[in-house]
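Summary of structural features
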Amino acid sequence: MKEKKECKIIQDLLPNYIEKLTSEDTNDYIKNHLKECKDCTDVFNAMQKDFKLSENNVDKRKIDYIKKYNKKMLILKAILLIILFVFILFIIHTLRNYIIINQLYGKYTEQEKNINSNSYIEYNGTDLTIKQYKKDNITKTIILDNKNDSIITQLVKPTETITYWDNSKNHTMSIDNELDGTSQLLTTNYTYTENIFVKILSSMLSRIYTANINDTECYVIEGFAPNYVYNANTKKVSFGIEKDTGLLLEIIEGKEYRKIYTYSYNFGIVTDEDVAELDSSNYQMINN
């Protein structure tokens with residue numbers, strides 16, 4: 001009876017003994033009992049085997065969890081690195097475009113004095129050819145309508161604006177003394193924006209690359225949203241701007257059916273004859 005009671009106590013202590021949670025005195029007591037008791041030894045061996053299996057399963061689960069965790073962390077790190085790389089490229093792209101736009105704006109500003117004092121600008125489009133002569137405070141603009149075979153000539157002076165219409169049937173003219181004597185120039189600064197926020201946003205969204213237009217090195221700008229809108233209905237418009245001067249040389253409109261409009265410039269060549277009035281005797285005067 002005493003031995004069975006002792007065996008029961010020993011067997012109750014065996015789980016803690018296996019997990020090394022018992023004291024040294026208790027360990028000695030259990031060891032001595034196991035040497036003399038076969039039943040308790042069998043129970044101990046069985047418990048120890050189950051404990052090792054359970055421990056192995058726990059270790060395996062821990063290893064599997066660590067593997068899965070490491071795999072997830074590796075994927076997360078890769079995603080974060082890709083996001084960081086894309087973000088850095090985006091910043092570089094925006095900064096590069098911003099610098100180029102600023103440079104072109106400054107170079108065009110330097111050309112404005114030449115444009116406003118003595119310049120000849122020619123525009124060639126699909127249906128229109130426009131020639132503009134500027135000398136001091138007089139501007140003469142000639143519009144050749146290739147489609148309708150007509151010519152409009154407008155001469156803007158400080159005190160009046162004279163307009164001539166020529167076609168195969170009529171030759172008429174009008175004089176307007178109420179205008180302020182200023183004319184719309186054929187060219188403008190296509191890199192101008194209303195404020196710095198629009199410029200930054202446009203730098204983000206635009207694509208700028210180098211191209212050769214008529215043997216001139218240019219920047220081609222796509223997706224730029226300047227204050228001046230060339231054609232609001234056009235899906236895609238790109239501007240070819242000369243690197244050295246900031247002057248517009250080409251507009252490409254559309255993607256599949258591209259329309260190309262070109263500009264050319266000459267400075268200091270316009271004479272008084274170029275901006276002179278036409279012979280009014282050849283025209284019929286009409287009232288505005």
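Model, not experiment: these values are computed from the prediction.

The helix and strand tally for the chain stands at 4 helices and 12 strands. With 288 residues in all, the chain has 33% of them scored as buried. Within the chain, contacts between residues at least 6 apart in sequence are counted, and of these 48% link residues at least 24 apart. When the accessible surface of the chain is summed, it comes to about 19400 Å², and 53% of that surface belongs to carbon and sulfur atoms.

All right, on to the sheet that holds strand E12 (residues 284-285) then. On the basis of which strands lie adjacent, the open sheet formed by 12 strands has the order E7-E8-E9-E10-E11-E1-E2-E3-E4-E5-E6-E12 and mixed pairing. On the outer flanks of this sheet lie strand E7 (207-213) and E12, each paired with one strand and no other. Two strands pair when backbone bridges link them, and strand E2 (residues 128-135) and strand E3 (residues 138-145) are joined in this way by 8 bridges, in the antiparallel orientation. Looking at E3, one finds that Leu128 is bridged to Asp145.

Here strand E5 (residues 161-166) pairs with strand E6 (residues 171-176) via 6 bridges, running antiparallel. Within E6, the residue paired with Thr163 across the bridge is Ser174. Of the pairings in the sheet, the one linking E6 to E12 comprises 2 bridges and is parallel in character. Within E12, the position partnered with Met173 by the bridge is Met285.

Let's shift gears to the packing of aromatic side chains. Centre-to-centre distance and the angle between the planes together describe a pair of aromatic rings. Within this structure, the stated rule accounts for 7 aromatic pairs. Summarising the aromatic geometry, the rings of Tyr123 and Tyr261 are spaced 6.0 Å apart at their centres and angled 10 degrees between planes, so their arrangement reads as stacked. Pair noted here: Tyr123 is in strand E1 (residues 118-124) and Tyr261 is in strand E11 (residues 259-267), with a separation of 138 residues, a long-range link. Each of the two residues, Tyr123 as well as Tyr261, counts as buried. Counting every residue linked through ring pairs, the aromatic cluster contains Tyr123, Tyr261 and Tyr263. The ring of Tyr105 has Lys199 sitting right over it, with the charged end atom 5.3 Å from the ring centre.

Thresholds, definitions, all that
Residues numbered from 1 in each chain as written. Predicted model: local features only at pLDDT ≥ 70, side-chain atom pairs only at ≥ 80, totals over all residues. Heavy atoms only, no water. Helix = DSSP H or I, 4+ residues; strand = E, 2+ residues; numbered from the N terminus. Buried < 20%, exposed > 50% of the residue type's maximum accessible area, 1.4 Å probe, protein only. Contact = heavy atoms within 4.5 Å. Areas by Shrake-Rupley, 256 points an atom, 1.4 Å probe, with all protein chains shown as cover. Pairing = 2+ DSSP bridges. Phe/Tyr/Trp six-rings, centres within 6.5 Å; stacked < 30°, edge-to-face > 60°. Lys NZ or Arg CZ within 6 Å of the ring centre and 35° of its normal.

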